[in-house]
Amino acid sequence: MSKDNDKKQVREITPQGEDFSRWYLDAIRKADLMDYSPVRGCIVFKPDGYELWELIQRQLDDRFKATGHRNAYFPLFIPESFFQKEKEHVEGFNPELPWVTEAGGEKLEEKLAIRPTSETMIGHMYSKWIQSYRDLPVLINQWANVVRWEKRTLPFLRTSEFLWQEGHTAHEDEADARRETMLMLETYREFVENVLAIPVITGQKTESEKFAGAVDTYSIEAMMRDGRAVQAGTSHYLGTNFAQAFEIKYLDRENTQQFVHTTSWGVSTRLIGALIMVHGDDNGLVLPPKVAPTQAMLIPIGPPAKREPVLAKAGELLADLKQAGVRIRMDDRSDVSPGWKFNEYEMRGIPVRIELGPRDLENGQAVLVSRVTGEKKTVALDNIVAEVQAMLDTVHQELFTRALQFRDENLRSVDSLADLQANNDKLRGFVLAGWCGSRECEAKVKEETGATSRNIPFEPKEQKTTCLVCGDQAKHTVAFARAY
Ligand SMILES: [Zn+2]
């Protein structure tokens, strides 16, 4: 196959600088992660896409279990009356709810919503399960699909049906529930940074951006390579709002009836979209090693006459690396050129490539190639397991460092709306600005620039003193950005 053909698969991906959305859609299609379903706004997770989710799921689930949570499963359908019980919740979710009004050939007495989230169903169940302080805390998580009928959709980042986990906990008092809310926010931050190699800004949502029915919402916000934000996870302190709506009461240590304090927290398959948009480049996907379904691709090379001993050794290496826990595959097809394979696996984002040819074999070595830097490293076959593991660690580190550097370069501080607008024309990134706390000023920013308040960072790199809209004294320093 000619060099020209070798590059063909990459040419089919629009460069990021030309059209980032186009790049994203090309990259995920070429990497075979998903397909569009016949139902608008819904996608099919193909095996390579679903396996990413499984690896995310497994590693998050370990963290939930380690902090005392257990999994359960609640029904998909929620009676309409449940939504009427929490006023803000129903107002927040009503426009996005699909309803089942007929089943088994009959009109239902009460229509059923397909869950957009499960606070109401779980609140109802908790009111039956919790009687005394001895029943608390309840620490339950559910892995499930939810539906929010979206008008504008984008694969993984915004789809009408998506997969997620939702933790729902009940506690004796505010202090314990708030401790839980922050523990899970920190669990998300640690996971997204240490496993997905995505740096995040941790902070509190403003009143208008918080979850419908929450007292306080906290989020982690990530910056994509086009500068837009993705809310990568949220954790909510719900106070006694849902406890009052669903009468989740318990007898405390003094034998007095009290409402429980509840929390909820979730991350979803948006994380897949985020990791693609944070790490990908003009050659396609770059997968963070800890969730890459294939971490290393072994490619035997060389002329047919010298193939046999190379293939025999490659088989051994494959077995050794698998044994050591590396997710590795081999492409030993002889009718496809090495160049085509290199491009193909680069495009699919496989973190490390291993090349083994006849001369390498003679010298007792192999060549490792990093997907991030393209760096080639000749390593001794005797030491290959340690070398591959080391390169996977390096790839993770480089991805994180690169993403952090990009974010810091694109996190600016502004003093006025005019400043923000000037920035906005070429807006790539987040801005930090002071905010007086009024809804009007926050709404004005959105109206004028399309940027929304992402969160009030816990540790902003600079404390702003005046509101960017009205010029009054700032109550908070807020991160604003256009968001997916
Ligand atoms: Zn203001």
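What you see is a predicted model; the values in this text were computed from it and never measured.

Cut-offs and rules
- Residues numbered from 1 in each chain as written.
- Predicted model: local features only at pLDDT ≥ 70, side-chain atom pairs only at ≥ 80, totals over all residues.
- Heavy atoms only, no water.
- 1 Å grid on protein atoms, 1.4 Å probe; cavity = no way out; pocket = protein on both sides within 12 Å on 5 of 7 lines; lining within 4 Å.
- Points joined across faces, edges and corners; volume = space filled by probe spheres on them.
- Nonpolar A, V, L, I, M, F, W, Y, C, P; charged D, E, K, R; others polar.
- Axes fitted to C-alpha atoms, helices over the stretch in contact; angles between N-to-C directions.
- Helix = DSSP H or I, 4+ residues; strand = E, 2+ residues; numbered from the N terminus.
- Parallel < 35°, antiparallel > 145°, perpendicular 65-115°, else oblique.
- Left-handed = near helix turned anticlockwise from the far one by under 90°.
- Contact = heavy atoms within 4.5 Å.
- Polar contact = N/O pair within 3.5 Å; in protein donor to acceptor, adjacent residues only side chain to side chain.
- Donors = N, O, S within 2.8 Å, 3.2 Å for Na, K, Ca; no water.
- Tetrahedral: all angles 85-135°; square planar, octahedral: opposite > 155°, others 65-115°.
- Buried < 20%, exposed > 50% of the residue type's maximum accessible area, 1.4 Å probe, protein only.

Visitor: Could you give an account of empty space enclosed by the protein, naming the residues involved and the relevant values?
Guide: A full pass over the atoms with the stated rule returns three cavities of 30 Å³ or more. There is about 140 Å³ of room inside the largest cavity. Surrounding the largest cavity, A31, L33, D48, L52, L285, L287, P293, T294, R329, R348 and I350 form its lining. The residue makeup of the lining of the largest cavity, split by class, is seven nonpolar, one polar and three charged. Its volume calculated, the second largest cavity comes out at about 80 Å³. In terms of lining, the second largest cavity is formed by E119, I122, G123, Y126, H168, T169, L238, F242, I248, T262 and T263.

Visitor: Account for the packing of helix 4 (residues 47–66) against helix 8 (residues 174–194), naming residues and giving values.
Guide: Running from N to C, helix 4 and helix 8 cross one another at 140°; their axes reach a closest spacing of 11 Å. For the element pair helix 4 / helix 8, the angle class is oblique. Handedness of the crossing formed by helix 4 with helix 8: right-handed. Facing I56, Q59, L60, R63 and F64 of helix 4, the residues of helix 8 in contact are M184, T187, Y188, E190 and F191. Among the residues making up the contact of helix 4 with helix 8, the classes are represented as six nonpolar, two polar and two charged.

Visitor: Give me the lowdown on the environment of R348, citing residues and values where you can.
Guide: Looking at where R348 falls in the secondary structure, it is placed in the loop between helix 12 (338–347) and strand 17 (352–356). Sequence separation of R348 and T187 is 161 residues, and the distance between their C-alpha atoms is 29 Å. The residues touching R348, leaving out its near neighbours within four places in the chain, are K30, A31, D32, D48, L285 and L287. Of note is the side chain of R348, whose polar atom sits 2.8 Å from the side chain of E344.

Visitor: A description of the coordination of the zinc ion should follow, citing residues and the corresponding values.
Guide: Within the protein, the zinc ion binds to C436 (SG), C441 (SG), C467 (SG) and C470 (SG); these donor distances fall in the range 2.3 to 2.4 Å. Geometry at the zinc ion is tetrahedral, judged from the four donor atoms that bind it and their angles of 105 to 113° at the metal. Counting gaps between the donor residues of the zinc ion yields the pattern C-x4-C-x25-C-x2-C. This pair shows no difference in class: C436 is buried, exactly as C441 is.

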